[in-house]
Amino acid sequence: VQLVESGGGLVQAGGSLRLSCTASGLTFSLSDLGWFRRAPGKQRELVASIRALGGITYYADSVKGRFTISSDNAGNTMYLQMNDLKPEDTAVYYCNGMSDYKYGPPMAAWGQGTQVTVSS
């Protein structure tokens, strides 16, 4: 499985970004999927995930109401729409398949991620 994240960048607080994730060797329609992030000096954490069966979503409390995860199964692409960004959202963002959409663990080796930097 090869994961490729894109869409990161530098944005001011209150701004928006849309991250994209594509994968070879992973069929999105059959897989629970998640977006993770790792901030400097912190462990990687699950930000949002979507269950293959029924499209049920999960969000960390810190992003609930601001981030939206979606999956285009036909295009085998996953998105993370991030609105009202805050400086504490600054991190490298990664996508991955998950064995369970809430509890993981991630299924594949991590990609390079995409850097999101939010200035105050």
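Reading the values: rules and limits
Residues numbered from 1 in each chain as written. Predicted model: local features only at pLDDT ≥ 70, side-chain atom pairs only at ≥ 80, totals over all residues. Heavy atoms only, no water. Pairing = 2+ DSSP bridges. Helix = DSSP H or I, 4+ residues; strand = E, 2+ residues; numbered from the N terminus. Axes fitted to C-alpha atoms, helices over the stretch in contact; angles between N-to-C directions. Buried < 20%, exposed > 50% of the residue type's maximum accessible area, 1.4 Å probe, protein only. Contact = heavy atoms within 4.5 Å.

A closer look at the sheet that holds strand β6 (residues 57-59)
The mixed open sheet is built from six strands, whose spatial order is β2-β10-β9-β4-β5-β6. Every interior strand has two partners, whereas the edge strands, β2 (9-12) and β6, have only one. When the angles between neighbouring strand axes are averaged without regard to direction, this sheet yields 25°.

Focus on the sheet that holds strand β3 (residues 17-24)
Ordered by their spatial adjacency, four strands build an open sheet running β1-β3-β8-β7, and the pairing between neighbours is antiparallel. Because the sheet does not close on itself, it has two edges, and the strands there are β1 (2-6) and β7 (67-72). For this sheet the average axis-to-axis angle between neighbouring strands, irrespective of direction, equals 15°. Note: β7 against strand β8 (residues 77-82), six bridges, orientation antiparallel. Across the sheet, Asp72 pairs through a bridge with Thr77, a residue of β8.

Focus on unusual backbone geometry
For the peptide bond that leads from Gly104 to Pro105, omega is -5°, which places it in the cis range. Mapped onto the secondary structure, Pro105 falls in the loop between β9 (91-98) and β10 (114-119). Positive phi is not limited to glycine here, since Asn76 has a value of about 50°. The phi dihedral of Asp84 falls on the positive side, at around 50°, and the residue is not glycine. Relative to the elements of secondary structure, Asp84 occurs in the loop between β8 and β9.

Some details on the side chain of Ser31
Mapped onto the elements of the fold, Ser31 is located in the loop between β3 and β4 (32-38). For Ser31, a relative accessible area of 9% translates into the label buried.

Remarks on the pairing of β10
Residues of β10 alternate between two faces, with Thr114, Val116 and Val118 buried on one and Gln115, Thr117 and Ser119 left unburied on the opposite face. With three bridges connecting them, β9 and β10 associate as antiparallel partners. Counted as the bridge partner of Tyr93 is Thr114 from β10.

Points about the environment of Pro105
Taking relative accessible area as the criterion, Pro105 reaches 52% and is therefore assigned exposed. Dropping the residues within four chain positions of it, Pro105 is found in contact with Gly97, Met98 and Ser99.

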